Amino acid sequence: LGYGEKQATTVSFLTLAFVQVWHVFNMRSLSSRFWRNEILSNRWVWGAVALCVCLLLAAVYLPPLAMVLKTHAPTRQGWLLIAALSTLPVIAGEVMNLLRGSKTKATAP
């Protein structure tokens, strides 16, 4: 992508951090639907996700913190890459649940 060292490191850091934030949406029972489950109905989970997102943005956009952490604001293309790559585990988790569900239905008596 032609990024310098700081920007490439920041994009990598944010991708890994957002993967961890979004992973909470995979932590539900296998029998629950993606949009209707105990995780999405928990307001504390949403508060924690919002807090984590704010802290990650602060690490990049608050100059004193960005200087200490040596982060550099990603470009629009960088943010698209972060969004795409960090949501892949959630998508993969949902696909795995769908496949497990179809196998269970196919083998049920």
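Position labels on residues start from 1 in each chain and follow its written sequence. Totals for whole chains, interfaces and linings use every residue, but because this is a predicted model, local features are given only for residues with pLDDT of at least 70 and side-chain atom pairs only at 80 or more, for both listing and counting. Side-chain numbers here rest on the full set of heavy atoms in the structure, without hydrogens or water.

### Remarks on the packing of helix α1 (residues 5–22) against helix α2 (residues 43–61)
Moving on, step 1. At a minimum axis separation of 10 Å, α1 and α2 run at an interaxial angle of 175°. By the angle between their directions, the pair α1 and α2 is classed as roughly antiparallel. Contacts from Thr10, Phe13, Leu14, Ala17, Phe18, Val21 and Trp22 of α1 reach α2 at Val49, Cys52, Val53, Leu56 and Val60.
Moving on, step 2. Throughout this entry, Asp, Glu, Lys and Arg are counted as charged residues, while Ala, Val, Leu, Ile, Met, Phe, Trp, Tyr, Cys and Pro are counted as nonpolar. The remaining residues, Gly among them, count as polar. Class assignment of the residues belonging to the contact of α1 with α2 gives a composition of 11 nonpolar, one polar and no charged. To define axes, lines are fitted to C-alpha atoms, for helices over the stretch in contact only, and angles between the resulting N-to-C directions are given on a 0 to 180 degree scale. Only runs of H or I of at least four residues qualify as helices and only runs of E of at least two qualify as strands under DSSP, and these elements are numbered from the N terminus. Throughout, the term roughly parallel applies to angles under 35 degrees, roughly antiparallel to angles over 145, roughly perpendicular to angles from 65 to 115, and oblique to all others. We call two residues contacting when some pair of their heavy atoms lies within 4.5 Å.

### Some remarks on unusual backbone geometry
Moving on, step 1. Unlike most non-glycine residues, Lys70 shows phi in positive territory, near 55°.
Moving on, step 2. Inspection of the secondary structure assignment puts Lys70 in the loop between α3 (63–69) and α4 (76–107).

### Regarding a nonpolar patch on the surface
Moving on, step 1. Together, Leu85, Leu88, Ile91, Val95, Met96 and Leu99 give the surface a local cluster of nonpolar side chains, amounting to about 510 Å² of exposed area.
Moving on, step 2. Checked against the element boundaries, Leu99 lands in helix α4. Exposure above 30% relative accessible area and the absence of a salt bridge qualify a residue for a patch, where like charges join within 9 Å and nonpolar side chains (Val, Leu, Ile, Met, Phe, Trp, Tyr) within 5 Å. Accessible surface is estimated by sampling points in the Shrake-Rupley manner with a 1.4 Å probe; for residues, cover comes only from the protein chains shown. Salt bridge criterion: a side-chain nitrogen from Lys or Arg within 4 Å of a carboxyl oxygen from Asp or Glu.

### With respect to the nonpolar core
Moving on, step 1. Ranked by size, the top nonpolar core spans 14 residues in total, and within it Leu14, Val24, Phe25, Val49 and Leu56 carry the most contacts.
Moving on, step 2. Where this core is concerned, the elements lending two or more residues are α1 and α2.
Moving on, step 3. Counting residues per element, this core draws most heavily on α1, at five residues.
Moving on, step 4. The residues contacting Leu14, other than those within four sequence positions of it, are Leu56, Val60, Pro74, Trp79 and Ile82. Working definition of a nonpolar core: buried Ala, Val, Leu, Ile, Met, Phe, Trp, Tyr and Cys residues. They are joined through side-chain atoms within 4.5 Å. For every residue, the accessible area obtained with a 1.4 Å probe (protein chains only) is divided by the maximum for its type, and the residue is called buried under 20%, exposed over 50%, and partly exposed between those limits.

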